[in-house]
Amino acid sequence: MNISYDYVMSESLKVESKKFAQKKHLSDKQPSCKCYDNATILPLKEDYREEKNGKWGKGGVVDSQGNFVQESAYTGDWVSQGGLYEYSTVVSKMDKEVVYIGCISSHYGHFLVDCTTKLWALLKLKKDITVAYTGDRKISGNEKRIIELLGVKNENLLHVDKPMSFKKVFVPEQGAKPGVWYTKEYAAVFKLIQENIDNSVAHFDDFNRKVYFTRTGYSDAKKKEVGESTLEKVFLNNGFEIHHPEKMDLIKMMELVNAASVVVCINGTIPLNMIFSSNKNLKLVVLNKTDVYHRNLEYFAEICNLNIEYVDVYNKFKGNDLGLGPFFVTVTDELKRYLFSNNMTLPNNFNSIKYKDYFIFILLKINRLIRNKLRPIKVRFKEFLSNTK
């Protein structure tokens, strides 16, 4: 793994990265996978009072004696999920063996980071076992594709949305605590996915494609990010292909990445996908939309030995986090230095100042302030509705 901060202003970000690199993250721990007879899986039950404390809610596995199985919970670096709650003793019963992989988030980035820590068990158990999970919806899209690439067929996926008991429930421990430690069993999950993708795609002798993954077509990004269309034009002018990753199947995305010499994208969820690429020649250029350190990206980079070059594209209107924003990205002095150092140019008659973008950013900033003020009211209202059910 090689990390470059040649085009980064924030000294604190560099210090955080150096601290991370000095720590050992590969653990000698061997995660266990225990089996419970006649156990019950409780679906996700949101606890709005605890939401602000980084808790996704309760649910998980209860043994035949009514005790909560702690290994079925999830404890991350900033979020946790799991716990016992009152439920009807009359539950659906299925005479089958299942493995419980936890609560699946509907946010793809959280899925990659927080919901893959128990998938290592799928490499150890029999291939036709039913894979049970909880969450507010059935998995789909690339989340589902990732599970399929581990050998799980669609008919063996089971979304538990009501209390259900089973003949046997296998409950794996976490194979990692994202950003803190991981095991060889956890790393093997991504290695197998890489191999299965490689067996499914075309292979190329030359790695000469230049790819820019954009968020401009992503509906959520339109609510909190401004200015990326300008960056698109700059890289398009320098021979980069522009692609929308949220519209791509993971296998097709990796076929593209595996044929590329360089991939450029905004910091956030998109670069996390590179953990599925087997391209050892790839240079990943990550455009910083703020000066907040993205530890999970370097955590993934360590696991897959990824090379990253950071470039700042934010101005004084920087966000205070990596997710909520709003964010204003533009052609900065750092980006210009990166372009010129790599024999790239700006388009003719280029003007990075777009007054329309400033106006939109101000509106998004006002909207974020209003939503922050209304959030406690929204949480209390959800809690009230939950208690009246």
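Above this text is the structure in question.
All of these numbers come straight from a predicted model, not from anything done at the bench. (Residues numbered from 1 in each chain as written. Predicted model: local features only at pLDDT ≥ 70, side-chain atom pairs only at ≥ 80, totals over all residues. Heavy atoms only, no water.)

1. Some points on the overall build of the protein
Phase 1: Secondary structure assignment for the protein yields 10 helices and 18 strands.
Phase 2: Its C-alpha atoms give the protein a radius of gyration of 22 Å, within 12% of the compact-globule value 21 Å for 389 residues.
Phase 3: Dimensions of the protein, computed from C-alpha atoms along their principal axes, come out at roughly 70 × 55 × 35 Å.
Phase 4: Here the protein holds 389 residues, and the buried ones make up 51% of them.
Phase 5: Considering only intrachain contacts with a sequence separation of at least 6, the fraction spanning at least 24 residues in the protein is 75%.
Phase 6: Entry remark: accessible area of the protein is about 18900 Å², with carbon and sulfur atoms responsible for 49%.
Phase 7: Taken as two groups, the 57 positive and 46 negative side-chain charges of the protein have centres that lie 4 Å from each other. (Helix = DSSP H or I, 4+ residues; strand = E, 2+ residues; numbered from the N terminus. Rg over C-alpha atoms; globule rule 2.2 N^0.38 Å. Buried < 20%, exposed > 50% of the residue type's maximum accessible area, 1.4 Å probe, protein only. Contact = heavy atoms within 4.5 Å. Areas by Shrake-Rupley, 256 points an atom, 1.4 Å probe, with all protein chains shown as cover. Lys, Arg positive; Asp, Glu negative; His and termini not counted. Charge placed at Lys NZ, Arg CZ, Asp CG, Glu CD.)

2. Quick look at helix H1 (residues 11-22)
Phase 1: Over its 12 residues, H1 runs 17 Å from end to end, which matches the ideal 16 Å to within 8%, given 1.5 Å per residue.
Phase 2: By the burial criterion, the buried members of H1 are Leu13, Ser17 and Phe20. When H1 is viewed along its axis, its buried side chains cluster within an angular range of 60 degrees and face the same direction. For H1, exposure combined with an orientation more than 90 degrees from the buried face picks out Glu11, Lys18 and Gln22.
Phase 3: Tucked into the core, H1 has its buried residues touching strand S1 (2-7) and helix H8 (295-304). (Expected span 1.5 Å × (residues − 1). Arc of directions from axis to C-beta.)

3. A look at the packing of aromatic side chains
Phase 1: Scanning all chains against the criterion turns up nine aromatic pairs.
Phase 2: Residues Tyr7 and Tyr338 carry aromatic rings whose centres are separated by 5.6 Å and whose planes lie at 85 degrees to one another, so their mutual orientation is edge-to-face. One end of the pair, Tyr7, is in strand S1; the other, Tyr338, is in helix H9 (residues 333-341), and 331 residues separate them in sequence. Residue Tyr7 shares its accessibility class with Tyr338, and that shared class is buried.
Phase 3: The lysine or arginine in question, Lys289, covers the ring of Phe327, its NZ or CZ lying 4.4 Å from the ring centre. (Phe/Tyr/Trp six-rings, centres within 6.5 Å; stacked < 30°, edge-to-face > 60°. Lys NZ or Arg CZ within 6 Å of the ring centre and 35° of its normal.)

4. Topic: the sheet that holds strand S9 (residues 164-172)
Phase 1: Strand order in the open sheet formed by six strands is S3-S2-S9-S6-S7-S8, and the pairing between neighbours is mixed. The open sheet has two edge strands with one neighbour each: strand S3 (58-62) and strand S8 (157-159). Ignoring which end each strand starts from, the neighbouring axes of this sheet average 45 degrees apart. (Pairing = 2+ DSSP bridges. Axes fitted to C-alpha atoms, helices over the stretch in contact; angles between N-to-C directions.)

5. A look at the sheet that holds strand S12 (residues 209-213)
Phase 1: An order of S1-S17-S16-S15-S12-S14 is seen for the six strands of this open sheet, with the pairing classed as parallel. Across the chains shown, the open sheet's two edge strands, defined by having one partner strand only, are S1 and strand S14 (241-243). For this sheet, the mean inter-axis angle between neighbouring strands, taken without regard to orientation, is 20 degrees.
Phase 2: In terms of strand pairing, strand S15 (residues 260-266) meets strand S16 (residues 283-288) through five bridges, oriented parallel. Bridge pairing links Ile266 to Leu287 in S16.
Phase 3: Along the sheet, H8 contacts S1, S16 and strand S17 (307-312); its crossing angle with S17, the most-contacted strand, is approximately 155 degrees.

6. Focus on the packing of helix H6 (residues 228-237) against H9
Phase 1: Contact geometry for H6 and H9: axes closest at 12 Å, N-to-C directions at 10 degrees. It follows from the interaxial angle that H6 and H9 lie roughly parallel. Along its contact with H6, which presents Leu231, Val234 and Phe235, the element H9 presents Leu335, Tyr338 and Leu339.
Phase 2: Counted by class, the contact of H6 with H9 contains six nonpolar, no polar and no charged residues. (Parallel < 35°, antiparallel > 145°, perpendicular 65-115°, else oblique. Nonpolar A, V, L, I, M, F, W, Y, C, P; charged D, E, K, R; others polar.)

7. Regarding unusual backbone geometry
Phase 1: Phi at Asn38 is positive, roughly 50 degrees, even though this residue is not glycine.
Phase 2: Structurally, the position occupied by Asn38 is in strand S2 (residues 33-45).
Phase 3: Accessibility expressed as a relative area gives 53% for Asn38, which makes it exposed.
Phase 4: Its identity as a non-glycine residue notwithstanding, Asn343 has a phi of 60 degrees, on the positive side.
Phase 5: Turning to its location among the elements, Asn343 is positioned in the loop between H9 and helix H10 (355-388).

8. Some points on a nonpolar patch on the surface
Phase 1: A surface patch of nonpolar side chains, amounting to about 740 Å² of accessible area, comprises Phe359, Ile360, Ile362, Leu363, Ile366, Ile370, Leu374 and Ile377.
Phase 2: With respect to the helices, strands and loops of the structure, Ile366 is situated in helix H10.
Phase 3: With relative accessibility at 44%, the residue Ile366 sits in the partly exposed group. (Patch = residues over 30% accessible without salt bridge, like charges linked within 9 Å, V, L, I, M, F, W, Y side chains within 5 Å. Salt bridge = Lys/Arg side-chain N within 4 Å of Asp/Glu carboxyl O.)

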